[in-house]
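# Secondary and tertiary structure notes
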Amino acid sequence: MNSNILIGPVALPNPVLLAPMSGVTDAPFRRMAADLGAGLVISEMTACAALAEGKHIARRRVERHGAGPHVVQLAGCEGRWMAEGARIAEGLGAAIIDINMGCPAKHVTNGASGSALMRDLDHALTLIEAVVAAVRVPVTLKMRLGWDDRTRNAAALARRAELAGVRLVTVHGRTRCQFYKGRADWAAVRAVKAAVSVPVVVNGDIESFDDADAALAASGADAVMVGRGAQGRPWFPGQLARYLATGKREPPPPLSEQLALASALYGEMLGHYGADIGMRHARKHLGWALDTAAAIAGVSAELLKATRGRVLTASDPAIVLRRLAEAFDTFGALNAARSPQYA
């Protein structure tokens, strides 16, 4: 592990990154994770053509979050659009451009973007070269191990990407055809680390301190990227960073603090999107927050299901917040006897 990671001129405060996740890592969530200690946070994947065409949703996806370096992740399949999207993102304040060659979603790969690009490395390189030539800021790359187990070509892509000017590589330890099934193969990332001199980040299934230790040991990577492990736990990347620096394993925040964070994120999202759209986007975050709190408190599946329904179906923001607080009060009361420090 490398605790002093440079991406071009950008120095990271720690080696724990928050993964770009569509529909999740919008500006409010990135800001909270960064404020809680994540070393770098990355925007949702943004279609470069939509950004170049000025579509509102694409522009909103690349908005600055206001804490730490601004990283915009772009996806596309044509060099001219990738270059134009990168120029626009740089003009909007991006300090780093990340290229997506890892998304496994069919609506992305069917358009020859995301991890589909790992089926044609020559074409993938034309996109990388177009982006590097278009901007002055550093360019990074996120990929998978390959399209399938017969074509695990991450090391070859990483080597060629470094020669083209990419300054950091992130590898999710699955092939595209695995989607999110099975377990991430962290050891397979070691071949990528051996192939390049730029920093390598290991990603996939890092949801605990032990996971991070195992992923770093198996891969030899310089840093870790947390994705689904931060859902409902925006504090986890920061806790993990402090653990890697000090060896101290912090417990989850008390439920009262978790409630405050979930409530604050809800308000931020309503402000970011407007009430109607914000409420829809925030539901998944509130659901994850309830799942996390319920797991800590040992809440039954039946009570959690009823509580989720009560909170997530409310249509008035004030009622949502009141029911969320009531839910955490209930969970806290159940938890107080067995784990009073988390109540």
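About the criteria used
- Residues numbered from 1 in each chain as written.
- Predicted model: local features only at pLDDT ≥ 70, side-chain atom pairs only at ≥ 80, totals over all residues.
- Heavy atoms only, no water.
- Helix = DSSP H or I, 4+ residues; strand = E, 2+ residues; numbered from the N terminus.
- Contact = heavy atoms within 4.5 Å.
- Axes fitted to C-alpha atoms, helices over the stretch in contact; angles between N-to-C directions.
- Left-handed = near helix turned anticlockwise from the far one by under 90°.
- Nonpolar A, V, L, I, M, F, W, Y, C, P; charged D, E, K, R; others polar.
- Core = buried A, V, L, I, M, F, W, Y, C linked by side-chain atoms within 4.5 Å.
- Buried < 20%, exposed > 50% of the residue type's maximum accessible area, 1.4 Å probe, protein only.
- Pairing = 2+ DSSP bridges.
- Salt bridge = Lys/Arg side-chain N within 4 Å of Asp/Glu carboxyl O.

## Points about the side chain of Arg60
Summarising the element assignment, Arg60 is placed in helix H3 (residues 56-61). Setting aside residues no more than four positions away along its own chain, Arg60 makes contact with His272 and Tyr273.

## Concerning the packing of helix H1 (residues 27-35) against helix H11 (residues 255-273)
Contact geometry of H1 with H11 gives a least axis separation of 9 Å together with a crossing angle of 145°. In the crossing of H1 with H11, the sense of the turn from one axis to the other is right-handed. Here Ala27, Pro28, Phe29, Arg31 and Met32 of H1 lie close against H11, whose contacting residues are Leu261, Ala264, Leu265, Glu268, Met269 and His272. Looking at side-chain class alone, the contact of H1 with H11 contains 8 nonpolar, 1 polar and 2 charged residues.

## Some remarks on the nonpolar core
If you look at the biggest cluster of nonpolar residues, it comprises 118 residues, and the most contacted ones within it are Ile97, Ile128, Leu157 and Leu240. If we ignore the near neighbours within four places in the chain, the residues touching Ile97 are Val72, Leu74, Ala86, Ala89, Glu90, Val131, Val135, Val137, Pro138, Val139 and Thr140.

## Brief notes about the environment of Ala86
Locating Ala86 in the fold gives a position in helix H4 (residues 79-91). For the pair Ala86 and Glu63, spaced 23 residues apart in sequence, the C-alpha separation works out to 14 Å. If near-sequence neighbours (up to four positions away) are discounted, Ala86 is found in contact with Leu74, Ile97, Val131 and Val135.

## Notes on the sheet that holds strand S5 (residues 46-47)
One open sheet accounts for 9 strands, arranged S4-S3-S11-S10-S9-S8-S7-S6-S5; its pairing is parallel. Both outer strands of the open sheet, strand S4 (40-41) and S5, are each paired with one neighbouring strand and no more. Strand direction decides the pairing type here: strand S10 (residues 200-203) and strand S11 (residues 223-226), joined by 3 bridges, are parallel. Paired with Val201 across the strands is Ala223, a residue of S11. Across the sheet, helix H6 (residues 121-134) is in contact with strand S7 (96-101) and strand S8 (139-144); its angle to S7 comes to roughly 170°.

## Digging into the pattern of salt bridges
Enumeration according to the criterion identifies 21 salt bridges in this entry. Measuring nitrogen to oxygen at the nearest pair gives 3.0 Å for the salt bridge that ties Asp291 to Arg308. Pair noted here: Asp291 is in helix H12 (residues 275-297) and Arg308 is in helix H13 (residues 301-312), with a separation of 17 residues, a long-range link. With relative accessibility at 28%, the residue Asp291 sits in the partly exposed group. For Arg308, a relative accessible area of 27% gives the class partly exposed. The network of salt bridges with common partners includes Arg174, Arg183, Asp205, Asp211 and Arg228.

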